[in-house]
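Letter by letter, the chains look like this.
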Amino acid sequence: MTRDPSAVRDVESGHLAYFESVGSGRLAETDTPVDVRAYVSGVRLPLFNVAFAPGRTARLASIGWVADRFGDLRLPHLWWLLPSNDRRTLRSRLERAGYTLWEESIGMSLDPSGRRASVPRPSGLEIHEATTGLAVRDFAQTFTEGTFERDPDAADAIARRFASLRRQRETVLLVGYLGGHPVATSAGFLHDGLIGVHAVATLPRFRHQGIGAAMTDEILERGWSAGIRRAVLVASPGGTSLYARMGFVACCRLLAYLREPKPRADGRKSGRGPGIDPRPSRLRSPG
Ligand SMILES: CC(C)(COP(=O)(O)OP(=O)(O)OC[C@H]1O[C@@H](n2cnc3c(N)ncnc32)[C@H](O)[C@@H]1OP(=O)(O)O)[C@@H](O)C(=O)NCCC(=O)NCCS
């Protein structure tokens with residue numbers, strides 16, 4: 001792992017910028033504690049409702065405030081421990097406030113000098129930018145099913161959020177098709193001379209054919225053509241070897257802590273729907 005401080009800063013700022021944009025608004029317009037930033041997206045998956053305290057730790061009272069507001073909305077959410085945090089203090093406060101470690105992710109970066117030769121595209125794979133409402137729906141359904149599991153409500157909400165991001169002209173959404181059927185996704189989020197790589201997913205039955213690598217490569221090509229100075233991403237354990245093969249270098253760790261809403265009095269687990277495990281499928285079936 002390189003400890004290049006500028007790469008670490010870029011990974012963190014790209015991560016924050018992405019979640020600030022994916023959120024449709026702050027958690028509350030008023031009385032937000034000054035030491036936290038929290039965003040709600042309208043998607044009932046923890047990955048889309050997030051809180052951070054960049055550059056510092058957060059007071060226990062502020063963490064409780066965030067947990068209560070998301071609890072009022074009956075939304076699961078993640079608190080990201082960032083490279084700039086005082087990790088030991090923040091981690092112990094999150095645990096005291098009822099958060100549990102959900103996933104350890106790796107921050108990775110790629111400079112133009114580290115680019116690898118372009119990746120061969122699997123036979124029959126066509127990659128298109130999603131520029132219409134229908135294609136954005138293909139993107140959202142395929143990304144949701146590839147990363148979590150089939151979930152039409154979440155896919156609709158993700159389609160609405162990403163359609164709005166795309167209109168801001170800073171987001172590229174790609175869908176990979178085989179025989180006319182959507183099978184894979186990737187997204188690029190342009191910010192401050194960086195491209196953040198997100199939403200790389202291949203439907204389970206189409207994996208291990210080089211599709212994920214081709215989808216990532218195509219997003220990177222869009223970034224280099226736009227003149228970006230660096231690509232950044234935050235990889236889940238299942239994605240790191242794919243990205244390392246493409247030249248990405250690990251530079252830091254980020255920890256995601258989960259807090260789910262308390263069970264409802266009528267027995268339903270949360271707004272997410274009964275019986276669905278909110279963790280990405282890769283965590284339930286490693287490898
Ligand atoms: C991670 C993910 C996108 C990879 O998609 P994929 O289409 O299988 O990706 P690739 O085929 O390019 O690479 C996957 C593996 O298949 C191997 N592979 C590629 N082409 C192959 C071929 N023709 N024959 C056999 N294996 C092949 C690659 O070497 C790679 O192995 P590695 O992971 O040990 O390095 C997919 O597993 C996924 O959607 N996971 C859930 C969502 C997720 O975790 N996304 C990453 C977020 S950071």
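Residue numbering note: each chain is counted from 1, following its sequence as written. Where totals are concerned, whole chains, interfaces and linings use all residues; where local detail is concerned, this predicted model gives features only for residues with pLDDT of at least 70, and gives and counts side-chain atom pairs only at 80 or more.

## Notes on the overall build of the chain
Part 1: The secondary structure content of the chain amounts to 8 helices and 11 strands.
Part 2: With C-alpha atoms as the basis for the radius of gyration, the globule rule is written as 2.2 Å multiplied by the number of residues raised to the power 0.38. At 18 Å, the chain has a C-alpha radius of gyration in line with the 19 Å of a compact globule built from 287 residues.
Part 3: With the C-alpha coordinates aligned to their principal axes, the bounding extent of the chain is approximately 55 × 45 × 35 Å.
Part 4: For the exposure call, what matters is how many other C-beta atoms sit within 10 Å of a residue's own: 20 or more marks it buried, 12 or fewer exposed, and in between partly exposed, using C-beta atoms placed from the backbone. Within the chain, buried positions represent 46% of all 287 residues.
Part 5: We call two residues in contact if the C-beta atoms placed from their backbones are at most 7 Å apart. Within the chain, residue pairs in contact and separated by at least 24 positions form 73% of the contacts whose partners lie at least 6 positions apart. The helix count covers DSSP runs of H or I at least four residues long, the strand count covers runs of E at least two residues long, and both are numbered beginning at the N terminus.

## Observations regarding the site of the ligand
Part 1: Residue proximity rests on one test: whether the C-beta atom, placed from the backbone, lies within 6 Å of the molecule or strand. Taken together, 21 residues form the shell around the ligand, and within it T202, R207, G212, A213 and G239 come nearest.
Part 2: For the shell around the ligand, the elements supplying multiple residues, two or more each, are α4 (133-147), β9 (194-202), α6 (211-225) and α7 (240-245).
Part 3: Taken together, the residues of the shell around the ligand sort by class into 7 nonpolar, 11 polar and 3 charged. Amino acids are sorted into nonpolar (Ala, Val, Leu, Ile, Met, Phe, Trp, Tyr, Cys and Pro), charged (Asp, Glu, Lys and Arg) and polar (every other residue, Gly among them).

## Observations concerning the pairing of strand β5 (residues 100-110)
Part 1: Any two strands are treated as partners once DSSP identifies two or more bridges connecting them. As paired strands, β5 and strand β11 (residues 249-259) are joined by 9 bridges and run antiparallel to one another. By the bridge assignment, S105 is partnered in β11 with L254.

## Some remarks on helix α5 (residues 152-167)
Part 1: Helix span, expected: 1.5 Å multiplied by one less than the number of residues in the helix. Here α5 is 16 residues long and its end C-alpha atoms lie 22 Å apart, about the 22 Å a rise of 1.5 Å per residue gives.
Part 2: For α5, the set of buried residues is A154, A155, A157, I158, A159, R161 and F162.
Part 3: Buried positions along α5 lie against α1 (5-22), α4 and β7 (171-178).
Part 4: Following α5 by one or two positions, R169 adopts a phi angle in the positive range, close to 65°.

## So, helix α3 (residues 87-96)
Part 1: Within α3 the residues assigned to the buried category are L90, R93 and L94. The arc that holds every buried residue of α3, seen down its axis, measures 100°, which confines them to one face. Exposed residues pointing more than 90 degrees away from the buried face of α3 are listed as R88, S92, E95 and R96.
Part 2: Here the buried face of α3 lies against α2 (60-72), β4 (77-81) and β11.
Part 3: One or two residues past the end of α3 sits G98, with phi positive at roughly 95°. The reported arc concerns the directions from the helix axis to the C-beta atoms and nothing else.

## Description of the environment of G196
Part 1: Looking at the element boundaries, G196 is found in strand β9.
Part 2: We classify G196 as buried; it has 27 C-beta atoms within 10 Å.
Part 3: Residues contacting G196, with those up to four places away along its chain left out, are G14, Y18, F189, H191, V232 and L233.

## Re the pairing of strand β2 (residues 37-40)
Part 1: In this structure, strand β1 (residues 25-26) lies alongside β2, joined through 2 bridges in antiparallel fashion. Along β2, the bridge assignment pairs G25 with V40.
Part 2: Two strands pair when backbone bridges link them, and β2 and strand β3 (residues 50-52) are joined in this way by 3 bridges, in the antiparallel orientation. Bridge assignment links Y39 to a residue of β3, and that residue is V50.

## Brief notes about the domain arrangement of the chain
Part 1: Partitioning the chain into structural domains gives domain 1 (5-107 + 253-269) and domain 2 (112-228).
Part 2: In this entry, domain limits derive from an automatic or database-based domain assignment. Relative to domain 2, the C-alpha centre of domain 1 lies at a distance of 25 Å.
Part 3: The partner domain 2 presents 13 residues to the 13 residues of domain 1 that form the contact.

## Here we look at the nonpolar core
Grouped burial of nonpolar side chains is what soluble globular proteins tend to show.
Part 1: Core analysis: the largest hydrophobic core is formed by 84 residues, its most contacted members being W80, F139, I158 and L233.
Part 2: Residues lining this core come from more than one domain, with at least three contributed by each of domain 1 (5-107 + 253-269) and domain 2 (112-228).
Part 3: Other than its neighbours up to four places away in sequence, I158 contacts V43, A140, F143 and T144. Buried Ala, Val, Leu, Ile, Met, Phe, Trp, Tyr and Cys residues form a nonpolar core when they are connected through C-beta atoms within 7 Å.

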